[in-house]
Amino acid sequence: MDKFLIKGHKPLRGLVEVGGSKNAALPILTATLLGDSPSIIHNVPDLLDVQTMLSVLASLGVKVDKVDARSYRIDPTLLSKAEAPYELIRKMRASFLVVGPLISCLGRAQVPLPGGCAIGSRPVDLHLKGFSQLGVKVSMHSGYVEAWAESLHGGQVYLDFPSVGATENILMLASSIEEETVITNAAREPEIADLSRFLSLMGADIQGAGTDTIVVRGKKKLLGNEYTIMNDRIEAGTFCVAAAITGGEVEIRGVDSFLILSVLNKLEETGARVTKLGNDRILISMLEQPRPVTIKTMPYPGFPTDMQAQFMSLLCLADGVSVITETVFENRFAHVGELERMGAQIQVEGRSAVVLGVEKLTGAEVRATDLRAGAALVLAGLAAEMETLVYGVSHIDRGYEGIESKLKKLGASIERLAE
Ligand code: UD1
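What you are looking at is a predicted structure, and each value in this text was computed from that prediction instead of being measured.

## Some words on the sheet that holds strand β2 (residues 13–17)
Backbone hydrogen bonds hold the strands of a sheet together, and the pairing may be parallel or antiparallel.
Then, in step 1: Strand order in the open sheet formed by four strands is β2-β14-β16-β15, and the pairing between neighbours is mixed. Taken across any chain shown, the strands that pair with only one partner, and hence form the sheet edges, are β2 and β15 (273–278). The average undirected angle you get between the axes of adjacent strands in this sheet is 20°.
Then, in step 2: The pairing of β2 with strand β14 (residues 249–253) spans five bridges and is classified as parallel. What sits directly across from G14, in β14, is V250.
Then, in step 3: The sheet contacts of helix α8 (residues 233–245) involve β2, β14 and β16 (281–285), and relative to β14 the element is tilted by about 170°.

## Re a nonpolar patch on the surface
Then, in step 1: Taken together, the side chains of L113, V138 and M140 define a hydrophobic patch exposed on the protein surface, amounting to about 250 Å² of accessible area.
Then, in step 2: The residue M140 is located in strand β7 (residues 137–141) in this model.
Then, in step 3: By relative accessible area, M140 is classed as exposed at 52%.

## A look at the site of the ligand
Then, in step 1: Around the ligand sit 20 residues, and of these D125, L126, S163, D306 and V328 come closest.
Then, in step 2: Between an oxygen atom of the ligand and a side-chain N or O atom of S163, the distance comes to 2.6 Å.
Then, in step 3: Between an oxygen atom of the ligand and a main-chain N or O atom of V328, the distance comes to 2.6 Å.
Then, in step 4: Protein contact buries 86% of the 740 Å² of open area that the ligand shows by itself.
Then, in step 5: Elements with a contribution of two residues or more to the shell around the ligand: α1 (22–31), α5 (125–133) and α6 (164–174).
Then, in step 6: Looking at side-chain class alone, the shell around the ligand contains nine nonpolar, six polar and five charged residues.
Then, in step 7: Built from parts of two domains, the shell around the ligand gets at least three residues from each of domain 1 (2–15 + 232–418) and domain 2 (24–228).

Scoring rules and cut-offs
- Residues numbered from 1 in each chain as written.
- Predicted model: local features only at pLDDT ≥ 70, side-chain atom pairs only at ≥ 80, totals over all residues.
- Heavy atoms only, no water.
- Pairing = 2+ DSSP bridges.
- Helix = DSSP H or I, 4+ residues; strand = E, 2+ residues; numbered from the N terminus.
- Axes fitted to C-alpha atoms, helices over the stretch in contact; angles between N-to-C directions.
- Contact = heavy atoms within 4.5 Å.
- Patch = residues over 30% accessible without salt bridge, like charges linked within 9 Å, V, L, I, M, F, W, Y side chains within 5 Å.
- Areas by Shrake-Rupley, 256 points an atom, 1.4 Å probe, with all protein chains shown as cover.
- Salt bridge = Lys/Arg side-chain N within 4 Å of Asp/Glu carboxyl O.
- Buried < 20%, exposed > 50% of the residue type's maximum accessible area, 1.4 Å probe, protein only.
- Near = heavy atom within 4 Å.
- Polar contact = N/O pair within 3.5 Å; in protein donor to acceptor, adjacent residues only side chain to side chain.
- Nonpolar A, V, L, I, M, F, W, Y, C, P; charged D, E, K, R; others polar.
- Domains from an automatic or database assignment.

What follows is the structure, encoded as structure tokens:
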């Protein structure tokens, strides 16, 4: 596993381009299984999680060809296996997204209960309850989920919580059923709208994706298509915080500012200057010590849980006390102990963290335990005095493509070393 050596305390300046969205790429790659013919997907980010998903598809018999650096041709016509291997699924929770397409294409799926980031228990009960409304039977044994359907039908699915993955899995299955399915209390994340645009191109009739009620009228025969994945709003948000935490000035290109409104508003509250330069260009600068703020993570369009850790790094340097409440995941404060090693003062009380701002952070040896915690430690290292060593970089590689080269272009001193 690699580590990053960061020599911090330098303002970042310049321009950074955002890449394709991980959280849109993963479901869209699995949705290609539903096609009767190959699909070509563009703007696929080069990430560990994407490689894992492509390996899952290949393990099912699907032909995956790299067309160019960011494009893949996926031919699902040889899809033959309904069992996904444990060693791939345990690496990444999102691999559970193959279940909806597998039931649709092969009538059954047998998949290990998923693993993924260590950010709390992440069950799949909502996926399974939704499937059962559409005629799917489910049994669990020896750590595996087995799901099968003799005949699928449309239905009314109510999600107890607007789970992103459950919405996507049910949306994919419903897209292949020639009756109406209504998903209520659906997740509203922009990546769901992106998945829905692809499924619509394949032939499904989907209304309301991106709202809390999605109405789907599927087609038995969906056709492969060509699609360009949206850009990554969390990568964009992370670079916004990088600009602010280093007291720099960075233009972030390739993100619709509307999709990160909650993040930009919070940044402004901390004292950062946010200037919209165009449809997909934002300039972030920070000229003062950050002001403390209150943050509560929520499903979209609320403040994203995937930006919580990065904001905590920024608020460690605020002029006062901030409170961050995590409502989406139950155990997403693994970065707290590591930030404390750098001089941060944070107290966790249940789902809230009280962050008492300090004047400076000091470099230390720290370990990334999950993707966004890793990003937060890199940001803290960029702002800290002296050297920071961030171990566990493979967690960061799951979701940020070439983060060190993008940061270097902005003037950061960051090197990747073999651990
Ligand atoms: C997706 C994102 C992840 C993001 C998260 C929340 C992808 C690949 N990942 O993850 O980056 O942090 O949304 O925005 O898109 N839950 C249940 N039962 C279920 C499903 C979920 O209780 O069947 C709970 C989870 O334990 C968690 C909460 O719902 O506490 C949110 O999970 P969910 O929205 O499903 O997140 P993911 O789809 O796993």
